[in-house]
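# Coordinate analysis (summary)
What follows is the residue order along each chain.
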Amino acid sequence: MLRGMKTDADLRIQYELLAPQMNERMRREWAATEALALGRGGNAIVARATGVAPSTIVRGIRELLERTSGGVPPLARSRVRRPGAGRKKETDKDPTLLADLESMVQPLSRGDPESPLLWICKSLRNLAHELTAKGHSVGRDTVASLLKSLGFSLQANRKVLEGSHHADRDAQFIYINERIAAQQSTGNPALSVDTKKKELVGEYKNAGREWRPKGEPVKVDTHDFMGELGRASPYGVYDIGANVGWVNVGITADTSEFAVESLRRWWNFLGKQRYPNATELLVTADCGGSNGYRVRLWKLQLQGLADELGIAITVCHLPPGTSKWNKIEHRLFSFITLNWRGKPLTDYQTIINLIGATKNSKGLKVYCTLDENTYEKGRKVSDADMAGMNLHRHEFHGEWNYTIRPRHWMVATS
């Protein structure tokens, strides 16, 4: 009678409605109660209607009968299976698996230098392959679970060792900060200078994304081969106190002559109006590149600028390897990159417009100009040229900190 009341379709609908709300234990015991209620042949009917395995239904019936007979204590509410039930862990079946895996992913200094995984990517697939070669039967999903149990996770390189090798790194930063504070207290400009990453000019992909109609991305060239327009070299001059940037976009080589010309243009366009009574320029710069502390042409060109302006120029270089700590990097260049993300730098005018439109919530203002002069690489500076400079090295790391005074001051004092 009961069998005629509930058809296979009824059972299927009932199971589909309840299944999402039930765990493994509840599904097993629900199927068992339906099979018991149907009587003879109930196991097969429920299995056919719901897809639950007959063995699972039998196990559920056994659990119900054992519980009602009082022979076996009922499962705790939080448990789905009895203790010890279910598939055995791979580490239980294979006691050396975890140790072998851990030895493969330990830091290289603690590993075997002859290990084949020392010089290849430690992907899940490669780790699984190496473990299989050692006699373990394991897949990449299991490897991922085991790595998490060991406290491992995917990690990228982290840049924290910048300049840490130099003993006077911190002392140099303190020295630079003191010079900047003293400079600003006297009403003189403190500048941060550097060359931004050179950019290909043309229909090239620019990193980043911007909002556009769906399915209508800007189409750019497939390959980034330098075209007729060449590269743009944006040299920046950032006024630390005023939060104002000046960018001189060069079309040829990034040389010391180009770097000092950028400073000259900043002074003529912004500096002399903002600092009409300036007696000294303070320039903070990296240790390398066109404004490096070892570059003779950089110093010689600065001497020419000091002679031209009639004021002293003091340069303080950041310690080696700390270029990313230069204020111009995170106060100017980073915002330029954000402003032109996803926009191809199709021509020089586009670059000028995008740089000039850069701003941020702190009131940053940026000016930009195109420098069409030709600058040649490889210019040599003789010992005689260096000897004729009015260059004075500071007591603290004179190779990093020096002042270049106008040469006519030498004549006046002599």
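Description of the structure in this document. All of these numbers come straight from a predicted model, not from anything done at the bench.

### Notes on the nonpolar core
Burial of nonpolar side chains together is a common tendency in soluble globular proteins. Formed by 33 residues in total, the largest nonpolar core has its most connected members in Val237, Leu263, Trp266, Trp298, Leu302 and Ile313. Mapped by element, the contributors of at least two residues to this core are strand 1 (190-195), strand 3 (231-239), strand 4 (244-250), helix 11 (256-274), strand 5 (280-285), helix 12 (296-309), strand 6 (312-317) and strand 9 (401-404). When near neighbours in sequence (up to four residues on either side) are disregarded, Val237 contacts Leu191, Ser192, Val193, Val244, Gly245, Trp246, Ser262, Leu263, Trp266 and Ile328. By size, the runner-up hydrophobic cluster in this structure holds 28 residues, among which are Ile328, Leu345, Ile355 and Leu364.

### A look at the side chain of Thr255
Relative to the elements of secondary structure, Thr255 occurs in the loop between strand 4 and helix 11. For Thr255, a relative accessible area of 8% puts it in the buried group.

### What to know about the packing of helix 11 against helix 12
At their nearest, the axes of helix 11 and helix 12 sit 8 Å apart, and the two run at 25 degrees to each other. With respect to their mutual orientation, helix 11 and helix 12 come out roughly parallel. The way helix 11 lies across helix 12 gives a crossing that is right-handed. Contacts between helix 11 and helix 12 involve Ser256, Glu257, Ala259, Val260, Leu263, Arg264 and Trp267 from the former and Leu297, Trp298, Gln301, Leu302, Leu305, Glu308 and Leu309 from the latter. Looking at side-chain class alone, the contact of helix 11 with helix 12 contains nine nonpolar, two polar and three charged residues.

### Re helix 13 (residues 327-339)
For an α-helix the count is 3.6 residues per turn, leaving residues at separations of three or four pointing the same way. For helix 13, which comprises 13 residues, the first-to-last C-alpha distance of 18 Å matches the rise-based estimate of 18 Å (1.5 Å per residue) to within 8%. When the local axis directions of helix 13 are compared, the greatest deviation, roughly 35 degrees, occurs at Phe333. Those residues of helix 13 lying buried are Ile328, Glu329, Leu332, Phe333 and Ile336. Residues of helix 13 that are buried sit in contact with strand 1, strand 3, strand 4, helix 14 (348-356) and strand 7 (365-371).

### Focus: the pattern of salt bridges
Applying the stated rule across the entire model yields 17 salt bridges. Residue Arg407 pairs with Asp307 through a salt bridge whose shortest N-O separation is 2.8 Å. Within this pair, whereas Arg407 is found in helix 16 (residues 407-413), its partner Asp307 is found in helix 12, the two being separated by 100 residues in sequence. Arg407 gets classed as partly exposed once you look at its relative accessible area, which sits at 32%. With relative accessibility at 25%, the residue Asp307 sits in the partly exposed group. It is possible to trace a salt-bridge network through shared partners that takes in Glu261, Arg264, Arg265, Glu308 and Asp371.

Each value, and the rule that gives it
- Each chain has its residues counted from 1, following the order in which its sequence is written.
- Since the coordinates come from a predicted model, pLDDT governs what is reported: local features require at least 70, and pairs of side-chain atoms require 80 or more to be given and counted, while whole-chain, interface and lining totals use all residues.
- The side-chain quantities take in all heavy atoms of the structure and omit both hydrogens and water.
- Residues grouped as a nonpolar core are buried Ala, Val, Leu, Ile, Met, Phe, Trp, Tyr and Cys residues, joined through side-chain atoms within 4.5 Å.
- Summary of the burial criterion: residues with accessible area below 20% of their type's maximum are buried, those above 50% are exposed, and those between are partly exposed, where the area comes from a 1.4 Å probe applied to protein chains only.
- Going along the chain from the N terminus, every DSSP run of H or I of four or more residues is numbered as a helix, and every run of E of two or more is numbered as a strand.
- In this analysis, two residues are considered to be in contact whenever any of their non-hydrogen atoms come within 4.5 Å of each other.
- Every axis corresponds to a line fitted to the C-alpha atoms, with the helix fit spanning only the stretch in contact, and the corresponding angles, defined between N-to-C directions, vary from 0 to 180 degrees.
- Roughly parallel means an angle under 35 degrees; roughly antiparallel, over 145; roughly perpendicular, 65 to 115; everything else is oblique.
- Each crossing gets its hand from how the near helix is turned against the far one by less than a right angle, where anticlockwise is left-handed and clockwise is right-handed.
- Residue polarity follows a fixed list, in which Ala, Val, Leu, Ile, Met, Phe, Trp, Tyr, Cys and Pro are nonpolar, Asp, Glu, Lys and Arg are charged, and the others, Gly among them, are polar.
- Expected helix span is taken as 1.5 Å per residue step, with the number of steps being one fewer than the number of residues.
- The angle between axes fitted to the seven residues ending at a residue and the seven residues starting there is what we call the bend at that residue.
- Every case where a carboxyl oxygen of Asp or Glu lies within 4 Å of a side-chain nitrogen of Lys or Arg is listed as a salt bridge.

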